[in-house]
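What the coordinates show
Given next are the chains, with one letter for each unit.
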Amino acid sequence: SHGNKVYWYLYMLLGIYLYLPIFRAIVKGLDQKGLLYPLVIVFIGTSVIPYILMLNHDIVWLKPVIYFTKKLKMTFMFRQAYFLFLGYYLHTYPPTRKAKKIIYAAAVISMAACITIGLLVSASKGQYVEKWITDNAPFQYVVTLGLFLLFQEFSKKIEKSEKMSGLFLSLGKNSFGVYLIHIMIMKAIWQISYRPGLSAQIYIPLLILITYLITNGIVYI
């Protein structure tokens, strides 16, 4: 596509809908243990191995493994499917309280490691280095896992309040429309308001907040 990269999800959404009948058939034929195996395999194939190779291209023993995973076509689609299956797994087989605490701790440690290493490497090289915070890094998978469980617990509490659940449902209904127009609104605000020398730590959160309010208002109307 020659369009804005932010709209990658439109294509992914179509792909997920096309794959859903296949996914449903797979899920019906697997028990808890059976579903765990493909999750582990896809996680290693789409995140761990490519990430290690990205950090060091000279690891000889990894080359045949990478060749094999490439032949399996473990691509971006597989990564998105992984999160879909993982969400289903966590919803159907909720982890114990002890397991949740371990996952939350791992998510916090992963985020701290990601930020710390990213800042140190970027500072040493004198430029921004993305590979420590890229979407397919194992760090991000752990953080995503923790966030899913956190919001799952949060949603259970919201459902008890009609006012709160109504607010979140209306925001949910707006979300797709917000996604479609937010980049245009954000760029327009940026062109009007940005001046060299503005503090990024203050400007970026304000830009996000104003964009969020305007886009939700437009979609609601």
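These lines cover the structure that appears in this document, whether it is placed above or below. Small disclaimer: the values here were computed from a predicted structure and weren't measured.

**With respect to helix H5 (residues 97-125)**
The end-to-end C-alpha distance of H5, which contains 29 residues, comes to 42 Å, matching closely the 42 Å that a straight helix rising 1.5 Å per residue would cover. Here H5 has its buried residues at Lys-100, Ile-103, Ala-107, Ser-110, Cys-114, Gly-118, Val-121 and Ser-122. Positive backbone phi, approximately 75°, marks Gly-126, located one or two places after H5.

**Some points on the nonpolar core**
The biggest cluster of nonpolar side chains holds 20 residues, and the ones touching the most others in it are Phe-23, Leu-39, Tyr-82, Phe-85, Leu-86 and Leu-90. For this core, the elements supplying multiple residues, two or more each, are helix H1 (8-28), helix H2 (32-55), helix H4 (76-92) and helix H6 (138-158). The greatest single-element share of this core, amounting to 7 residues, is contributed by H4. If we skip the residues at most four places from it in the chain, Leu-86 touches Leu-39 and Leu-145. Counting residues in each nonpolar core, the second largest holds 7 residues, with Val-129, Trp-132, Ala-137 and Phe-139 among its members.

**Description of the packing of aromatic side chains**
Geometry of an aromatic ring pair is reported as the spacing of the ring centres plus the angle between the planes. Counted by the stated rule, this structure contains 16 aromatic pairs. Relative to Tyr-179, the ring of Tyr-9 lies with its centre 6.2 Å away and its plane at 90°, an arrangement referred to as edge-to-face. Here Tyr-9 is found in helix H1, whereas its partner Tyr-179 is found in helix H7 (residues 162-193), with 170 residues between them in sequence. What makes Tyr-9 partly exposed here is its relative accessible area of 32%. Relative to Tyr-203, the ring of Tyr-194 has its centre 5.5 Å away and its plane inclined at 65°; by these criteria the two rings are edge-to-face. For Tyr-203, a relative accessible area of 13% gives the class buried. Among the aromatic residues, ring-to-ring pairing joins Tyr-7, Trp-8, Tyr-9, Phe-176 and Tyr-179 into one connected group.

What counts as what
- Residues numbered from 1 in each chain as written.
- Predicted model: local features only at pLDDT ≥ 70, side-chain atom pairs only at ≥ 80, totals over all residues.
- Heavy atoms only, no water.
- Helix = DSSP H or I, 4+ residues; strand = E, 2+ residues; numbered from the N terminus.
- Expected span 1.5 Å × (residues − 1).
- Buried < 20%, exposed > 50% of the residue type's maximum accessible area, 1.4 Å probe, protein only.
- Core = buried A, V, L, I, M, F, W, Y, C linked by side-chain atoms within 4.5 Å.
- Contact = heavy atoms within 4.5 Å.
- Phe/Tyr/Trp six-rings, centres within 6.5 Å; stacked < 30°, edge-to-face > 60°.

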